[in-house]
Amino acid sequence: MSDRPEQSAPQPAKAPEPSGVDLARVALRAAKEQARARGNAAQQKKQARRGGLRSGARADGRDPLPLGAAINRLITERGWEKPAAVGGVMGRWPQMVGPEVALHCEPQAYDEDARVLTVQCDSTAWATQLRLLAPQLVARLNADLGQGTVKLIKVLGPGGPGRRYGQLRAPGSTGPGDTYG
């Protein structure tokens, strides 16, 4: 062998080992990551003991809602969409049937099982007129509420005065049966 030193391939320059301030930064970063991991684990255990996630800075399902949103959520959760829609129709009756018909006829009740809307009129003439308009009105209501919501409109005539049995009556009596015992 020769006395000449052999030339080998150049070695890549090694990064200088961190010292002083750089070493302290690396150690601090590692300690922070470990503390964060321990804190997250402890928080998850604490939440599990308390029964789940607690409200904090971020929005979740337990935060306060505007009244309209809360009512809509309740209606959807309980499956009250159709009864609520029919109730809305009772509130919007003049817009649905027109102001003239609404002046003489008003909705009284809705039977959800039979899907019957009961309407009372203030005269027999208007009751007859509404009976003739009932098929078109059912179609209009179903277009607004959903098909099959209202199958029939039951039209009631005007309510007459209560029956009186004779001119003389005892205070608080309910009819002829209460005088016999």
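Everything below is about the structure shown above.
Parameters and conventions
Residues numbered from 1 in each chain as written. Predicted model: local features only at pLDDT ≥ 70, side-chain atom pairs only at ≥ 80, totals over all residues. Heavy atoms only, no water. Helix = DSSP H or I, 4+ residues; strand = E, 2+ residues; numbered from the N terminus. Contact = heavy atoms within 4.5 Å. Areas by Shrake-Rupley, 256 points an atom, 1.4 Å probe, with all protein chains shown as cover. Core = buried A, V, L, I, M, F, W, Y, C linked by side-chain atoms within 4.5 Å. Buried < 20%, exposed > 50% of the residue type's maximum accessible area, 1.4 Å probe, protein only. Pairing = 2+ DSSP bridges. Axes fitted to C-alpha atoms, helices over the stretch in contact; angles between N-to-C directions. Bend = angle between axes of the 7 residues up to and from the residue. Salt bridge = Lys/Arg side-chain N within 4 Å of Asp/Glu carboxyl O. Right-handed = clockwise from strand over helix to strand, strands pointing away.

A. Layout of the overall build of the protein. If you tally the helices and strands in the protein, you get 6 helices and 3 strands. Across the protein, helices and strands are ordered from the amino to the carboxyl terminus as α-α-α-α-α-β-β-α-β. By sequence separation, contacts in the protein at least 24 residues apart represent 50% of the contacts at least 6 residues apart. Working note: accessible area of the protein is about 14600 Å², and carbon and sulfur atoms make up 55% of it.

B. The nonpolar core, seen in detail. In this structure, Trp93, Leu130, Leu141, Val150 and Ile153 are the most contacted members of the largest nonpolar core, which totals 22 residues. Of all the elements in the fold, those that place two or more residues in this core are helix 4 (93-97), helix 5 (99-104), strand 1 (105-111), strand 2 (116-121), helix 6 (124-145) and strand 3 (152-156). Among the elements that take part in this core, helix 6 stands out by supplying 8 residues, more than any other. The residues touching Leu130, leaving out its near neighbours within four places in the chain, are Val101, Cys105, Val119, Cys121, Leu137 and Val155.

C. Geometry of the environment of Leu141. Among the structural elements, Leu141 can be located in helix 6. Along the primary structure Leu141 and Lys151 are separated by 10 residues, whereas in three dimensions their C-alpha atoms are 9.6 Å apart. Here Leu141 is in contact with Val89, Met96, Leu117, Gly146, Val150 and Ile153, once residues within four sequence places are set aside.

D. How the structure looks around the sheet that holds strand 2. If you trace the 3 strands from one edge of the open sheet to the other, you get 1-2-3, paired in mixed fashion. Only two strands of the sheet have a single neighbouring strand rather than two, namely strand 1 and strand 3. Adjacent strand axes in the sheet meet at a mean angle of 25° when their direction is disregarded. As judged from the 5 bridges shared by strand 2 and strand 3, these two strands associate in the parallel manner. Considered in strand 3, the bridge of Thr118 is made with Lys154.

E. Summary view of helix 6. The sharpest bend along helix 6 comes to roughly 55°, located at Ala134, with the proline Pro135 sitting one to four residues further on. Of the residues making up helix 6, those classed as buried are Trp126, Ala127, Leu130, Ala134, Leu137, Val138, Leu141, Asn142 and Leu145. Count one or two residues on from helix 6 and you reach Gly146, which has phi positive near 120°.

F. Molecular detail of the pattern of salt bridges. The full count for this structure, using the stated rule, is 2 salt bridges. We note a salt bridge from Arg73 to Glu77, for which the minimum N-O separation is 3.4 Å. A residue pair is termed a helical-turn pair when its members lie 3 or 4 positions apart in one helix, as Arg73 and Glu77 do in helix 2 (residues 67-78) at 4 residues.

G. Here's a closer look at unusual backbone geometry. A positive phi is found at Arg115, a non-glycine position, where the angle reads about 60°. Within the secondary structure, Arg115 is located in the loop between strand 1 and strand 2.

H. Inspection of the pairing of strand 3 at higher detail. Where burial is concerned, the two faces of strand 3 differ: the one with Ile153 and Val155 is buried and the one with Leu152, Lys154 and Leu156 is not. The handedness of the strand 2 to strand 3 crossover, carried by helix 6, is right-handed.

I. A look at the pairing of strand 2. Burial of strand 2 is extensive: 5 of the 6 residues sit out of reach of the surface. In sequence, strand 1 turns back onto strand 2 through a hairpin of 4 residues, with Arg115 there showing a positive phi of about 60°.

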